[in-house]
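Chain by chain, the residues:
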Amino acid sequence: SQQGEEDPQALSIQEGENATMNCSYKTSINNLQWYRQNSGRGLVHLILIRSNEREKHSGRLRVTLDTSKKSSSLLITASRAADTASYFCATLQGAQKLVFGQGTRLTINP
Amino acid sequence: DTAVSQTPKYLVTQMGNDKSIKCEQNLGHDTMYWYKQDSKKFLKIMFSYNNKELIINETVPNRFSPKSPDKAHLNLHINSLELGDSAVYFCASSRTSHEQFFGPGTRLTVL
């Protein structure tokens, strides 16, 4: 069954603004990962946060994880036009099964 | 060099035909996967192989048969194609429990 619910489904902001996307899940996880998919392309891994971590940074990305609420957020600061893409959260169940959310379609307007 | 490659990139075929999609990874990973992404962009795992052994088989019709000749290759054969099989199929690879690296996808259109 589908695991992740992402919110919002679509987000449109001005270049330079921050973008926040949320993800909720239902079962216990080993880690949670965020991926980006540009139109017509494969998914690209952005960041992985383990179940015992609460926050992680990578460049302009900041990810939080709240296992008590079974939720995560992805913050992209100082957005750029090149950040326009779909963003997916995915939870690792067991050693190999990655279950994806529905995705957030992010549009950065110049 | 491309890390995870798939062929073909596009596949247009008639209902009832049999087709194969090939995947190769040069990352030295021990696990490979097939995913299906539907028209609403929902991505769902189909199969996972670890060291050539089938680990995950997610309620996929038995018309779909993965084959892993070695750790670097995972092919997907589909028999008796149906309209509902139209989708983008992604191959991926990883080390166990780590991030996955995706191929560029194969867009399958069944007419």
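Here the structure is shown first, and the text comes after it.
The rules behind these values
- Residues numbered from 1 in each chain as written.
- Chains lettered and ligands numbered in written order.
- Predicted model: local features only at pLDDT ≥ 70, side-chain atom pairs only at ≥ 80, totals over all residues.
- Heavy atoms only, no water.
- Helix = DSSP H or I, 4+ residues; strand = E, 2+ residues; numbered from the N terminus.
- Rg over C-alpha atoms; globule rule 2.2 N^0.38 Å.
- Buried < 20%, exposed > 50% of the residue type's maximum accessible area, 1.4 Å probe, protein only.
- Contact = heavy atoms within 4.5 Å.
- Lys, Arg positive; Asp, Glu negative; His and termini not counted.
- Charge placed at Lys NZ, Arg CZ, Asp CG, Glu CD.
- Polar contact = N/O pair within 3.5 Å; in protein donor to acceptor, adjacent residues only side chain to side chain.

1. Some details on the overall build of chain B
Then comes step 1: A count of helices and strands for chain B gives zero helices and eleven strands.
Then comes step 2: Along its sequence from the N terminus, chain B presents helices and strands in the succession β-β-β-β-β-β-β-β-β-β-β.
Then comes step 3: By the compact-globule yardstick of 13 Å for 111 residues, chain B fits well, its C-alpha radius of gyration being 13 Å.
Then comes step 4: By principal-axis analysis of the C-alpha atoms, chain B measures approximately 35 × 25 × 25 Å.
Then comes step 5: Going through the 111 residues of chain B one by one, you find that 44% of them count as buried.
Then comes step 6: The contacts in chain B between residues at least 6 apart in sequence include a share of 53% that link residues at least 24 apart.
Then comes step 7: One way to put it: in chain B the 13 positive side-chain charges average out to a point 5 Å from where the 11 negative ones average out.

2. Quick notes on the environment of Gln6(B)
Residue and element names in this part refer to chain B.
Then comes step 1: Locating Gln6 in the fold gives a position in strand β1 (residues 4-7).
Then comes step 2: Judged by its relative accessible area of 8%, Gln6 falls in the buried class.
Then comes step 3: In sequence terms Gln6 and Phe102 are 96 residues apart; their C-alpha atoms lie 9.6 Å from each other.
Then comes step 4: For Gln6, the residues in contact, after removing those within four places along its chain, are Ile21, Lys22, Cys23, Trp34, Tyr89, Phe90, Cys91, Gly103, Pro104, Gly105 and Thr106.
Then comes step 5: Among the polar contacts listed, one links the side chain of Gln6 to the side chain of Thr106, at a separation of 3.1 Å.

Read these as geometric descriptors, not functional statements.
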